[in-house]
Structure formats: C-alpha cells, structure tokens
Amino acid sequence: MIGAGAVGAGTAWHLARQGHTVTLIDPSLDAPIQRSNESDQSLNGTTASLGVLMGNVFRRSSGRAWRLRQRSMELWPQWVERLNHPDTPLQLHSPLIQLASDPMEAERMEALANQRHDLGLESFSSVNTGSHPVPWPNPGGHGGLLSKHDGRIDPLALQRALRRSLKAEKVGLVPARVTKLHRTSTGEDNRWHLELDSDHTIDCAVVVLCTALASALLLQPLGHDYPMGAVLGQVLDLQVSAPSKAWDHWPAVLVCNGVNLIRHGNNRLWLGATLEQGEKPSTEEPAIMRRLDGLAPHWLQQAEVIDQWHGLRARPSGQPAPLLDVLEPGLILASGHYRNGVLLAPATADWVCQQISIFIGL
Ligand SMILES: Cc1cc2nc3c(=O)[nH]c(=O)nc-3n(C[C@H](O)[C@H](O)[C@H](O)COP(=O)(O)OP(=O)(O)OC[C@H]3O[C@@H](n4cnc5c(N)ncnc54)[C@H](O)[C@@H]3O)c2cc1C
C-alpha cells in the first residue's frame, strides 16, 4: 500500500483484517498526526479535512457515486466500533442539517426527504422545525433538511485510531516515499518492485496506490495517464460570542451555502472549506466564504479568527472522482477522491479488497 491518508491507511487496515500481509509506505508515518501549516505547506487531504460524512443527502439516487456513498454509510458504524479504543477514542457525530438558501433548494430538499425517510431524512420549513430546533436565525426563512445519520468523524482521531490498529494487525509501517515502481516479471509470476527515497526497495505481488495528487507522477512512467488537478481548501477556526441559545441544539454539522459549520469546544467553530483551483491559498477566499453569500448572521461575521489551515484535494481531470481502477495485474489505483475521501474510505477499502480477492483467485 502506498499512501497513508484515510484511504490508504483505512484500506491497509481492512486488508490486514481480511488476512492479507500488508506493508504501508508513507513518509508521514513517523510524524505525529497534527494540523499545522507552520511551514506554509499544504496539509495532506485527510489532515486538512473536516471529516464531514454526507452520504444520505447526496443528490443522485443511482450510479457509482451513490452506491459508494451508501456502502460507506453502511460500513462506517462497523469501522468505528472496531477502531474505537480507550487510547484512541473514535466516534461518529450526527446529525447533519442543511439550510436551504432559496425556495428552489427548499423544494429540492423536501422532495429528497420524501424519498429517503427510511435513510433518516426529514425536511423542515422555517416555521416548523419539528423535534430538532434549527440553531440559526433561519436565513430568508427557507427551511432545510435534517439527516439523522449523516454527520462527521474527527479525521485526526481517525488517523490515530487507524495507526494504532495497523500496529495491532501487524501491518508493516515504512516511513518513506516511493520514488519509482515497475514490474519485475511478466506471465504468471508477476511481481512489483518499489524504490524508496530511503534507498531501500520492496518487492510485492500487489501494489495499491492511495497517493492522491502524487499518483499521476508514479503512474506516468508506466504509461498510465491519470491527470489530476489540485483544489485547495482553507478552514477557519473561529471564536464566536453567539447567543448561547444558538448552541443548545447545534448539530454535528450545519451546512449553509455549501459551507460546513462545526462546533468544537466552548464557543469555537470550524468554518470550511473554500474551493480554490491550484496550490496557493488566496487571501480573499476565507472572507468570502465567511459571508455565506449574505446569509451569515452578525455574530458569525464578528467572530475572531483563532487559527486557520489549508490542504489539497485531488480532483481527477476529465473523469469522475474517485479513480478506482485495476491498471495491470497487481496494480490497483484508489485515488482522486476530491471532496469525499474520508466519507468514501470504507467503500474504497471494500472495493480494493474485492479486486485483490479476484486477482489472487479467492
Ligand atoms: C480543507 C479540506 C476539507 C475537506 N473536508 C472533507 C470532508 O469534510 N469530508 C470528506 O470526506 N472529505 C473532505 N475532504 C477531502 C478529503 O480530505 C480527501 O478526499 C481525502 O483526504 C483523500 O484521502 P487520501 O488518503 O486519498 O489522500 P491524502 O489524505 O492526501 O493522503 C495521501 C498520502 O499519500 C502520501 N504519498 C504521496 N506520495 C507518496 C509517495 N510517492 N510515496 C509514499 N506516500 C506518498 C502522502 O504523504 C499522503 O499522506 C477535504 C479536503 C480538504 C483539503
């Protein structure tokens, strides 16, 4: 396995639990799991992420993207149960509330809630929020959508829990960067040879690439073209002095105008994330995001910025995210998850495991 973000580490853990011998390679494996943009470098996707799990409110009701979301939402409770440990506690936080920005969006939300009652979706109008009072001066009074089972997982807690569980499952952890990979033989005895920046090499039967933006570089010399673009995301950590009532029923995630507002600690709120093409953070985008297109209440605009960070998402060019493909015998690509890599980690691990079972003839 190359790459130890949510996708790679989650897949390595899942494969080890299924009885496979797994080695996970990533230069970050000997570094502490923490958020810091001290060197002004972008964080990897998982560390920068807010960990929002929006599976059931997805707009489409068919196709691969929907199936992957449904599979992940099915697997997440099992993953959390197995990964949760007193040393590395992990839990799912719910619910998620989306506020409608205009009457058309409110109508769409109502239609979705009508189709997906069994998945825990309920719509509400501005006047009747039912048993879940909306913690927001409802912008324009358009109502919204409550999703009981969507929500979030803390991506740092997830990575810590995965790292502990990987060790427990005896997964080999190699803190190095893969600089090159190639096949050493053809025909039945198919092997892969990996060169590392530590001057070591590794030979194996199957390689799974979970290297987000770096995947294209590793694949190009092998003749596989999977271009991806970087989409940078910035997150603000705000200290607010909101009317205390607003906090009483704050959901795990409140979504307004496509921006997530996540309460953490006393009067603290994460607000994110921006969507910026390229790898350099804009100085204007955080302020634009914070206005929520004119829907932000006064107290949000007045909040003090305590911290902020940014990270990169890998967006496949000309193909839908994610890139899940068997490229050659024993060479599997599980990358390019763009905005939903944390959400889709369990479904991706499940898919990779199926491909390996097919490959080794289980
Ligand atoms: C600000 C922000 C907010 C987000 N919010 C959410 C959210 O709420 N919910 C959600 O589901 N998704 C969210 N995302 C998207 C999500 O973070 C990504 O889709 C996901 O993290 C991708 O996971 P990954 O494991 O594929 O990649 P990454 O987490 O980027 O990990 C890739 C790893 O590969 C390693 N690597 C690269 N090259 C090599 C090499 N040559 N050799 C060895 N290792 C290598 C890197 O060191 C890195 O650790 C967000 C992203 C950002 C930036």
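Details of the structure are given in the entry above.
In this convention, every chain numbers its residues from 1, walking through the sequence in written order. Predicted model: local features are reported for residues with pLDDT of at least 70 only, side-chain atom pairs are reported and counted for 80 or more only, and whole-chain, interface and lining totals are derived from all residues. Computation of side-chain values: all heavy atoms of the structure, hydrogens and water removed.

S.K.: I'm lost on the sheet that holds strand S3 (residues 92-93) in this one. Help?
M.R.: Each strand in a sheet pairs with another by means of backbone hydrogen bonds, the pair being arranged parallel or else antiparallel. The pairing criterion for strands is at least two bridges between them, as found by DSSP. Helix and strand definitions follow DSSP, with helices as H or I runs of at least four residues and strands as E runs of at least two, each counted in order from the N terminus. If you trace the 3 strands from one edge of the open sheet to the other, you get S2-S7-S3, paired in antiparallel fashion. The sheet terminates laterally at strand S2 (52-53) and S3, the two strands that pair on one side only. Of the pairings in the sheet, the one linking S2 to strand S7 (residues 151-153) comprises 2 bridges and is antiparallel in character. Bridging across to S7, Val-52 finds its partner in Arg-152.

S.K.: How should I be thinking about the nonpolar core in this particular structure?
M.R.: By nonpolar core is meant a set of buried Ala, Val, Leu, Ile, Met, Phe, Trp, Tyr and Cys residues that side-chain atoms within 4.5 Å join together. A simple rule labels every residue: compare its accessible area, found with a 1.4 Å probe on the protein chains alone, to the largest value its type can have, and call it buried under 20%, exposed over 50%, or partly exposed in between. Of all hydrophobic cores here, the largest spans 44 residues; its most connected members are Leu-24, Leu-158 and Val-208. When contributions to this core are tallied by element, the ones reaching two or more residues are helix H1 (6-17), helix H3 (64-83), helix H5 (155-168), strand S20 (331-335) and helix H10 (345-359). Should any heavy atoms of two residues lie within 4.5 Å, those residues are counted as being in contact. Excluding residues that lie within four positions of it along the chain, Val-208 makes contacts with Met-1, Ile-2, Ile-332, Ala-334, Val-352 and Ile-356. Counting 22 residues, the second largest nonpolar core, distinct from the first, contains Leu-238, Cys-256, Val-259 and Leu-261.

S.K.: Mind showing me how you'd approach the site of the ligand here?
M.R.: Not every one of the 39 residues close to the ligand is listed here, only the nearest: Asp-26, Gly-45, Thr-46, Val-52 and Gly-341. Here Asp-26 contributes a side-chain N or O atom positioned 2.7 Å from an oxygen atom of the ligand. Counting of polar contacts relies on pairs of N or O atoms within 3.5 Å, with two restrictions inside protein: one atom must be capable of donating a hydrogen and the other of accepting it, and residues adjacent in sequence are counted only when both atoms are side-chain atoms. For the ligand, an oxygen atom lies 3.1 Å from a polar atom in the side chain of Asn-44. Relative to its unbound accessible area of 1,000 Å², the ligand is 93% covered by the protein chains. Breaking the shell around the ligand down by element, the ones donating at least two residues are H1, helix H2 (45-48), strand S13 (228-239) and strand S18 (304-316). Nearness of a residue to a molecule or strand requires only that one of the residue's heavy atoms be within 4 Å of it. To be clear on the numbers: accessible area is Shrake-Rupley with a 1.4 Å probe, and residue cover counts the displayed protein chains and nothing else.

S.K.: What should I look at first to understand the sheet that holds strand S11 (residues 201-204) in this one?
M.R.: One open sheet holds the 3 strands; their spatial order is S9-S10-S11, and the pairing between them is antiparallel. Of all strands in the sheet, those with a lone pairing partner are strand S9 (178-183) and S11, marking the two edges. Strand after strand, the sheet turns through a mean of 20° between neighbouring axes, direction not considered. Relative to S11, strand S10 (residues 192-196) runs antiparallel, the two sharing 4 bridges. Across the sheet, His-193 pairs through a bridge with Asp-203, a residue of S11. Interaxial angles span 0 to 180 degrees and are taken between N-to-C directions of axes, which are lines fitted to C-alpha atoms, for helices over the stretch in contact.

S.K.: Could you clarify how one ought to interpret the environment of Leu-344 in this entry?
M.R.: On the secondary structure map, Leu-344 appears in the loop between S20 and H10. It is 28 Å that separates the C-alpha atoms of Leu-344 and Leu-196, two residues lying 148 residues apart in sequence. Look past the residues within four positions of Leu-344 in its chain and what remains in contact with it is Leu-68, Arg-69, Ser-72, Pro-322 and His-337.

S.K.: Explain the state of the cysteines here, please?
M.R.: Throughout, disulfides are identified as pairs of cysteine sulfur atoms within 2.5 Å of each other. For the structure on display, the rule yields 0 disulfides. Not engaged in a disulfide, the cysteine Cys-353 finds its nearest cysteine sulfur in Cys-210; these two sulfurs lie 13 Å apart. Taking the relative accessible area as the measure of exposure, Cys-353 reaches 9% and is therefore buried.

S.K.: So what exactly am I meant to see when it comes to H3 here?
M.R.: A turn of α-helix holds 3.6 residues, and therefore any two residues three or four places apart point the same way. For H3, spanning 20 residues, the distance from its first C-alpha to its last is 27 Å, which sits close to the expected 28 Å at 1.5 Å a residue. The largest bend in H3 is about 35°, located at Leu-75, with the proline Pro-77 one to four residues further on. Within the sequence span of H3, burial applies to Ala-65, Trp-66, Leu-68, Arg-69, Ser-72, Met-73, Leu-75, Trp-76, Trp-79, Val-80 and Leu-83. Here the expected span of a helix is defined as 1.5 Å times the quantity of residues minus one. Two axes enter the definition of the bend at a residue: one is fitted to the seven residues ending there, the other to the seven starting there, and the bend is the angle between them.

S.K.: When you look at helix H4 (residues 103-115) in this model, what are you seeing that I'm missing?
M.R.: With 13 residues, H4 should reach 18 Å at 1.5 Å per residue; the first-to-last C-alpha distance of 19 Å fits that figure. Tucked inside the fold, the buried residues of H4 contact strand S4 (96-99), strand S5 (121-124) and strand S6 (144-147).

S.K.: I tried to follow the packing of H1 against H3 on my own but got confused; where do I start?
M.R.: How two helices sit against one another is set out by the angle between their axes and by the gap between those axes. Look at H1 against H3: their axes get within 13 Å of each other, and the N-to-C directions meet at 80°. In terms of axis orientation, H1 runs roughly perpendicular to H3. Here Gly-10, Trp-13, His-14 and Arg-17 of H1 lie close against H3, whose contacting residues are Trp-79, Arg-82 and Leu-83. Any angle between 65 and 115 degrees counts as roughly perpendicular, while under 35 counts as roughly parallel, over 145 as roughly antiparallel, and the rest as oblique.

S.K.: How do you make sense of the pattern of salt bridges when you look at a structure like this?
M.R.: Where charged atoms from two side chains of opposite charge approach closely, those side chains can pair. Counted as salt bridges are all cases of a side-chain nitrogen of Lys or Arg within 4 Å of a carboxyl oxygen of Asp or Glu. Using the criterion set out here, one finds 6 salt bridges in the structure. In this structure, Arg-71 engages Glu-74 in a salt bridge whose closest nitrogen and oxygen atoms are separated by 3.0 Å. Here Arg-71 and its partner Glu-74 are both found in helix H3, 3 residues apart, which amounts to about one turn of the helix. With a shortest N-O distance of 2.8 Å, Glu-328 and Arg-183 are connected by a salt bridge.

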